[in-house]
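# What the coordinates show
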Amino acid sequence: YSYRTGITIGDKLGKIVLRYNIFPPENNSANTPLAVWSPDSSKLALVIKKSNDKEFELLVFNSNEKFKIIFRSDVDYINDFKLSWSENSKKIFLNNVEYLVH
């Protein structure tokens, strides 16, 4: 038996605009899921454990396009993921690795 958790985002009227189910890490030692909005609120970055796998991935959703996934990258496992955006919302930094996501 495996349990899932997830992220749900609603609009100001309470309507769900994104529901993304994910699998937590089996050892529960990583700080995932980890989600960070871009400074302009047009994108949401999410670090998650890949389903039925021991690997992790970075996903970026575009909130202006019905939360379409616009970027995906596998990432190496570590205990403490650090996620941040550039001021112009075009780059994301995951553990000091830069990704261009405009």
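Sequence positions are assigned chain by chain, starting from 1 and proceeding in written order. Under the rules for a predicted model, residues below a pLDDT of 70 receive no local features and side-chain atom pairs below 80 are neither given nor counted, while totals for whole chains, interfaces and linings still include all residues. No hydrogens and no water enter the side-chain calculation; it runs on all heavy atoms of the structure.

The cut-offs for exposure are 20% and 50% of the maximum accessible area for each residue type, with area from a 1.4 Å probe on protein chains only; residues under the lower value are buried, those over the upper are exposed, and the others partly exposed. By definition, any uninterrupted DSSP run of H or I lasting at least four residues is a helix, any uninterrupted run of E lasting at least two residues is a strand, and each is numbered from the N terminus. A one-sided burial pattern is seen for strand 8 (residues 91–94), the buried positions being Ile92 and Leu94 and the unburied ones Lys91 and Phe93. Being paired, for any two strands, means DSSP has found at least two bridges between them. As paired elements, strand 7 (residues 83–85) and strand 8 share 3 bridges and run antiparallel to each other. Its bridge partner being in strand 8, Trp85 is matched across the sheet by Ile92. Hairpin connection from strand 7 to strand 8: 5 residues lie between these consecutive antiparallel strands, with Ser89 at a positive phi of about 65 degrees. By the bridge criterion, 4 bridges tie strand 8 to strand 9 (residues 97–100) in an arrangement that is antiparallel. Its bridge partner lying in strand 9, Phe93 is registered against Glu98. Where strand 8 hands over to strand 9, the hairpin turn is made up of 2 residues, of which Asn95 adopts a positive phi near 50 degrees.

Turning to the packing of aromatic side chains, a few remarks are in order. When the centres of two rings from Phe, Tyr and Trp lie within 6.5 Å, Trp using its six-membered ring, the rings pair. Their planes under 30 degrees apart give stacked, over 60 give edge-to-face, and anything left gives tilted. Scanning all chains against the criterion turns up 3 aromatic pairs. With 6.1 Å between their ring centres and 70 degrees between their planes, Trp37 and Phe67 make a pair best called edge-to-face. One end of the pair, Trp37, is in strand 3 (residues 34–37); the other, Phe67, is in the loop between strand 5 (56–62) and strand 6 (68–75), and 30 residues separate them in sequence. Exposure remark for Trp37: the relative accessible area of 38% places this residue in the partly exposed category.

We define a salt bridge as a side-chain nitrogen of Lys or Arg found within 4 Å of a carboxyl oxygen belonging to Asp or Glu. Within the structure shown, the criterion is met by 4 salt bridges. Glu57 serves as the salt-bridge partner of Arg72, at 3.2 Å between the closest nitrogen and oxygen. Taken together, the residues span a long stretch of sequence, with Arg72 in strand 6 and Glu57 in strand 5 at a distance of 15 residues. A relative accessible area of 49% places Arg72 in the partly exposed class.

Summarising burial for strand 4 (residues 43–49): 7 of the 7 residues are buried, a large majority. What you see with strand 4 is no split at all: Lys43, Ala45, Val47 and Lys49 on one side and Leu44, Leu46 and Ile48 on the other are buried throughout. The hairpin formed by strand 3 and strand 4 contains 5 residues between the paired strands, and Ser41 there has a positive phi angle of roughly 65 degrees. For strand 4 and strand 5, the ladder comprises 7 bridges, and the chain directions are antiparallel. When the bridges of strand 5 are listed, Ile48 appears paired with Glu57.

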